[in-house]
Amino acid sequence: MNAFGDAITYLNDPFNWTRPKGILELAAQHLVISGLAVGIALLVALPLAVWLGHTGHGGAFTVGISNVSRAIPTLAILTIFAVTPLGFSIWAPVIALAVFAVPPVLANTYVGFREVDRDVVEAARGMGMSTGQLVRQVEFPLALPLIMTGIRTAAVQVVATATLAALLAGGTLGAIIRSGFGRQDYGVVVAGALLVAGLALLTEAVLAGISWLVTPGRKRAALPWSRRPAAEPAAASERVLVDTPL
Amino acid sequence: MGLPGSAAALASANGLVLAVEEAPNPWFDGSWAVDNWSTIMPLLGQHVRLTVISVLLGAVIALPLALLARRSRFLTGPVLGLSTIVYTIPSLAMFAFISPFTGLSETTVIIGLVLYSLVILVRNFLVGLQSVPPDVREAARGMGYGSGRLFLRVELPLALPAFLAGLRIATVSTVALVTVGVIVGQGGLGQLIIVNGFGANYYRPPIVFGTLACVVLALVADQLLALAGRVATPWTRARSAS
């Protein structure tokens, strides 16, 4: 199978990287779309999840939207946004991807806040902490490992899914795979796949590193290979961490 | 109004480019689904077929892998680590990697989907097997159960709820992922969304219909599996009723 050899040849040609609509330009746009989507999702999901987690309301809601979002094909939502008046602007894929980045951040942050030891919260209250202090200085730091897991899951998912935007109008790295299929050139197809998979794995590694750095002490166990399984049999209803292939 | 899809058909037939705003392009059009039933049914059939085959094959491969991973602590890490890597690879790239070997066929899609469902199932099967209390295992051994009978009569029933949870997640994810198979022309309802909708002058009825059909299919499959789970594990029902 010389498709893999052809792929290496394609990737070795500097012109394929630097030309207009080349690898570098597509990768840059891929990252811009992904970054905007994750940013918007965080702006929406984090405050909401902190409030829900702090008050303990809405557990069924966060689990519910996590489960429902799994059933909705990302490609379908990308397509629906692409045929709205937003159409071919960068905002169609950005908003579609942001929609899918919300549930993992919401669910993980919520569970992170709920899992903070009630005794610790009581003690903080007894020490005279205000609600703001309690949230900022006690609950948030203790929930941070799970919050970071949520952000990492969301970001990896968005970078992976941004690939699909290339099937519609978005100029992301998936465009290389698509043009390879269009020309029936499996070398280009595989080259695109290597780039896309590489970027997704790189995102995972970078974010795992960041969450390891910002998480102090014992709770630092959020390296990817120790990630929790998709559903644990005990208390599966409480602890649903969204983790879906894209 | 004219026939559904006529705007797109006209545009391609005459080489005209119609502005999207000028052609009738409603979000919902029930008559589109009725008129195009003969297009929809084979694609729905393909969607169901790809999902069932992929999840079943995934389960058949996942069980021995989970048993192997449990047997030796040495293998647990690599099995879970490798599965995380597989999971991180975007589906479009996965199908692209497989396509040089199997071309634009359903096999390409099935191999990719089996890999993803495998990852979900191995993790959940492993959790299920590990959730069997060691005391129970000891007691069964003390009663003279061999390892085969121990697995079938004791461990499997106790791990069944976790297995079923995994099967439900894998099935729902797979239903959604089949749509990406459109890249090799085998995307089930994804064909409706991309080819009949987006590719046909951004015609909305097939896009919305395809999306809704995917979601309904996923939810129905999920509920069927939940029902099967309740039938297969009557003791959990008794526990929750008491």
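Residues numbered from 1 in each chain as written. Chains lettered and ligands numbered in written order. Predicted model: local features only at pLDDT ≥ 70, side-chain atom pairs only at ≥ 80, totals over all residues.

Q: Can you lay out the overall build of chain B for me, pointing to particular residues and giving the numbers?
A: Across its full length, chain B carries 11 helices and zero strands. Listed by position from the N terminus, the elements making up chain B come as α-α-α-α-α-α-α-α-α-α-α. For chain B, contacts bridging at least 24 residues in sequence account for 71% of all contacts bridging at least 6. (Helix = DSSP H or I, 4+ residues; strand = E, 2+ residues; numbered from the N terminus. Contact = placed C-beta atoms within 7 Å.)

Q: Outline the interface of chain B and chain A, listing residues and values.
A: Taken residue by residue, the interface counts 49 residues in chain B and 43 residues in chain A. Broken down by secondary-structure element, the contributors of at least two residues to the side of chain B that touches chain A are helix H4 (73-88), helix H5 (91-102), helix H6 (106-130), helix H8 (147-178), helix H9 (189-198) and helix H10 (204-232) of chain B. In terms of residue class, the side of chain B that touches chain A is built from 32 nonpolar, 15 polar and two charged. (Nonpolar A, V, L, I, M, F, W, Y, C, P; charged D, E, K, R; others polar.)

Q: Explain the packing of helix H6 (residues 91-114) of chain A against helix H8 (residues 131-162) of chain A to me, using residue names and the numbers behind them.
A: All names here are of chain A. Viewed as axis vectors pointing N to C, H6 and H8 meet at an angle of 155 degrees, and their least axial separation amounts to 8 Å. Our classification of the angle between H6 and H8 gives roughly antiparallel. Handedness of the H6/H8 crossing: right-handed. Counted by class, the contact of H6 with H8 contains 16 nonpolar, eight polar and one charged residues. (Axes fitted to C-alpha atoms, helices over the stretch in contact; angles between N-to-C directions. Parallel < 35°, antiparallel > 145°, perpendicular 65-115°, else oblique. Left-handed = near helix turned anticlockwise from the far one by under 90°.)

Q: Lay out unusual backbone geometry in plain terms, naming residues and giving numbers.
A: All names here are of chain B. Of note, asparagine 201 is a non-glycine position whose phi angle comes to about 60 degrees, a positive value. Its place among the elements puts asparagine 201 in the loop between H9 and H10. With 20 C-beta atoms packed within 10 Å, asparagine 201 lands in the buried category. The backbone phi angle of tyrosine 202 is positive, close to 55 degrees, even though this residue is not glycine. You can call tyrosine 202 partly exposed: it has 19 C-beta atoms within 10 Å. (Buried ≥ 20, exposed ≤ 12 C-beta atoms within 10 Å, placed from the backbone.)

Q: Now, about the confidence of the model for chain B: what can you tell me, with residues and values included?
A: Detail in the predicted coordinates should be disregarded across regions flagged by low pLDDT. Confidence in the prediction of chain B, expressed as mean pLDDT, is 85, and 88% of residues score 70 or more. Considering only residues more than four positions removed or in separate chains, one finds that residues 1-8 of chain B, a stretch of pLDDT under 50, has 15 contacts. (pLDDT = per-residue confidence, 0-100.)

Q: Which residues make up the confidence of the model for chain A, and what values go with them?
A: Residues and elements named next belong to chain A. Across chain A, the average pLDDT comes to 83, with 87% of residues at or above 70. Within chain A, helix H4 (residues 59-71) has the poorest average pLDDT of any element, 84, and helix H3 (residues 23-55) the best, 93. Counting contacts from residues 221-246, a segment whose pLDDT is below 50, to residues more than four positions away or on other chains yields 71 contacts.

Q: Lay out the packing of helix H5 (residues 74-82) of chain A against H9(B) with the relevant residues and their values.
A: Contact geometry of H5(A) with H9(B) gives a least axis separation of 10 Å together with a crossing angle of 20 degrees. Judged by the inter-axis angle, H5(A) sits roughly parallel to H9(B). Seen along the crossing, H5(A) lies across H9(B) with a hand that is left-handed. Only B:Gly190, B:Ile193, B:Ile194, B:Gly197 and B:Phe198 of H9(B) make contact with H5(A), whose side of the interface consists of A:Leu75, A:Ala76, A:Thr79 and A:Ala82. Class assignment for the residues of the contact of H5(A) with H9(B) results in six nonpolar, three polar and no charged.

Q: Any chance you could break down H8(A) for me, citing the residues and the numbers?
A: Compared with the 46 Å implied by 1.5 Å per residue over 32 residues, the 38 Å span of H8(A) between its first and last C-alpha is markedly short. The sharpest bend along H8(A) reaches about 60 degrees and sits at A:Leu144, with the proline A:Pro145 one to four residues further on. (Expected span 1.5 Å × (residues − 1). Bend = angle between axes of the 7 residues up to and from the residue.)

Q: Requested: an account of helix H1 (residues 3-12) of chain A, with residues and values cited.
A: Buried within H1(A) are the following residues: A:Ala3, A:Ala7 and A:Tyr10. Projected down its long axis, H1(A) shows its buried positions confined to an angular sector of 60 degrees, all on one face. Seen from the open side of H1(A), the exposed residues pointing more than 90 degrees away from its buried face are A:Gly5, A:Ile8 and A:Asn12. Buried-residue contacts for H1(A) involve helix H2 (14-18) and helix H10 (186-214) of chain A together with H5 of chain B. (Arc of directions from axis to C-beta.)

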